[in-house]
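So the chains spell out like this:
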Amino acid sequence: MKLLLPILIGLLLALGCQKKSASRCCYYPVQTGLPYHKTSKNIAALFTMTNESGRKENIQMMTDVFQDGELGFEVQSHHNKPSQYIYDKLTELAKEVGEYGTLLIYLNSHGGGSGDRFGMTSSDGKFQFSKALKAIAEGNRVKRLIVLIDTCHASGGIREGFQERESPIPSPRTGLPELPGIYSLEFDDRAYEEVLVIASSSVEDLSTRGAFAARLKKAYQAAKGEDLSVAEFMRRFAALHSNTNQKPHYKALPDESFLDEPLFRNALIRDIPIIDRNRPPREYPPDYIPLPRHS
């Protein structure tokens, strides 16, 4: 009981000081499920790599998903860009989102190959997901990274980026096949703390141009105003592919805990680490709640 009382008091103090100045150590930005928290710098960067028919329509449909701000992102569109431009931009954006920001990237082009041979077509050669992760790591280790790969054989990007060689297994939780296994990419833990990758198709299958973006937009529009989790949203998205050969795949690392968070509604608290008051004062991150002093 003695331990429980200060925790309850700390919760009340934390909730009460939401209304006070952001400079106070007990101020916590409101949090939502897709970005780590909504008041940080969260950027959705949308990239196409060719200027073929349908590419502009894809990037516009993806813009429609994020531009109203309800998911907590600022949206940027980058059409028909070479791979080096994208790598440089990812380094820049990783710095811009800061310590608690979320970076979401959408990648759209031709794709092919499996394992470390997978790549996407760009005007200056082959774009690779592993190099994109390296570029992010060179800028900043982002709190949360979300990657949408829209191309033929798209889950090859997951396998190439994370050096994955195993076969996907169906996940009843999301309705999308998940790529399992142990990951060995040199730069992965330097690029992000949490990552969710959704690929538009399996390694073996082609992607119908525009299908992934159109279905994601449809799922988002149907979900607006509802109280559902990220995993529930992914299940609805998966259901839109039930009668097609094009099946998206996903991977969440280091675990799937944030899939349980609400897609729209703010979640104020994730966990309550105990802070050692004997350490020198410092700026506490937004998911810490300092407990009051007691004898």
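Here the structure is a predicted model, which is why all the values come from computation and not from measurement.

1. A closer look at the overall build of the chain
Helix and strand counts for the chain come out as 8 helices and 11 strands. Split into buried and exposed, the 295 residues of the chain put 54% on the buried side. For the chain, long-range pairs separated by at least 24 residues make up 76% of all intrachain contacts whose partners lie at least 6 apart in sequence. Of the roughly 13,500 Å² of accessible surface on the chain, a fraction of 52% belongs to carbon and sulfur atoms.

2. Here's the deal with a positive patch on the surface
Together, Lys126, Lys131, Lys134 and Arg190 line one region of the surface with positive charge. The residue Lys134 is located in helix α4 (residues 129–139) in this model. Take Lys134: its relative accessible area is 36%, and that puts it in the partly exposed class.

3. A look at the sheet that holds strand β5 (residues 119–122)
A sheet is described by the order of its strands in space; here 3 strands give the open sequence β4-β5-β6, paired in antiparallel fashion. The sheet is open, and its two borders are formed by β4 (111–112) and β6 (125–127), each paired with just one other strand. In the sheet, β4 pairs with β5 via 2 bridges, with the strands oriented antiparallel. Bridging from a neighbouring strand, Gly112 pairs with Gly119 of β5. Packed on one face of the sheet, helix α3 (residues 83–97) meets β5 and β6 and runs near 35° to β6.

4. Some points on the nonpolar core
In terms of nonpolar packing, the biggest core is built from 36 residues, with Phe66, Leu71, Leu148 and Ile198 touching the most fellow members. The set of elements that each furnish at least two residues to this core consists of β1 (43–48), α2 (55–66), β3 (102–108), β7 (142–150), β10 (192–199), α7 (211–223), α8 (230–239) and β11 (249–253). Of all hydrophobic cores here, the second largest spans 35 residues; its members include Met49, Tyr87, Ile105 and Ala137.

5. Considering the pairing of β7
The element β7 is largely enclosed, with a buried count of 9 among its 9 residues. One ladder, built from 7 bridges, connects β3 with β7; its direction is parallel. If you follow Leu107 over to β7, its bridge partner there is Ile149.

6. Some remarks on the environment of Tyr100
Relative to the helices and strands, Tyr100 is located in the loop between α3 and β3. Residue classification places Tyr100 among the buried positions, given a relative accessible area of 18%. With 58 residues separating them in the primary sequence, Tyr100 and Asn42 have C-alpha atoms 8.7 Å apart.

7. Regarding the packing of α2 against α7
Where α2 meets α7, the axes come as close as 9 Å, and the angle between the chain directions of the two elements is 20°. Overall, the two elements α2 and α7 adopt an arrangement that is roughly parallel. Crossing angle aside, the handedness with which α2 passes α7 is left-handed. Counting all contacts with α2, which are made through Asn58, Met61, Met62, Asp64 and Val65, the residues of α7 involved are Ala213, Ala214, Leu216, Lys217 and Tyr220. Grouping the constituent residues of the contact of α2 with α7 by class yields 7 nonpolar, 1 polar and 2 charged.

8. Considering the side chain of His241
Residue placement: His241 occurs in the loop between α8 and β11. Overall, His241 belongs to the buried group, its relative accessible area being 1%. Setting aside residues up to four positions removed in sequence, His241 forms contacts with Arg215, Gln246, Lys247 and Pro248.

The rules we used
Residues numbered from 1 in each chain as written. Predicted model: local features only at pLDDT ≥ 70, side-chain atom pairs only at ≥ 80, totals over all residues. Heavy atoms only, no water. Helix = DSSP H or I, 4+ residues; strand = E, 2+ residues; numbered from the N terminus. Buried < 20%, exposed > 50% of the residue type's maximum accessible area, 1.4 Å probe, protein only. Contact = heavy atoms within 4.5 Å. Areas by Shrake-Rupley, 256 points an atom, 1.4 Å probe, with all protein chains shown as cover. Patch = residues over 30% accessible without salt bridge, like charges linked within 9 Å, V, L, I, M, F, W, Y side chains within 5 Å. Salt bridge = Lys/Arg side-chain N within 4 Å of Asp/Glu carboxyl O. Lys, Arg positive; Asp, Glu negative; His and termini not counted. Charge placed at Lys NZ, Arg CZ, Asp CG, Glu CD. Pairing = 2+ DSSP bridges. Axes fitted to C-alpha atoms, helices over the stretch in contact; angles between N-to-C directions. Core = buried A, V, L, I, M, F, W, Y, C linked by side-chain atoms within 4.5 Å. Parallel < 35°, antiparallel > 145°, perpendicular 65-115°, else oblique. Left-handed = near helix turned anticlockwise from the far one by under 90°. Nonpolar A, V, L, I, M, F, W, Y, C, P; charged D, E, K, R; others polar.

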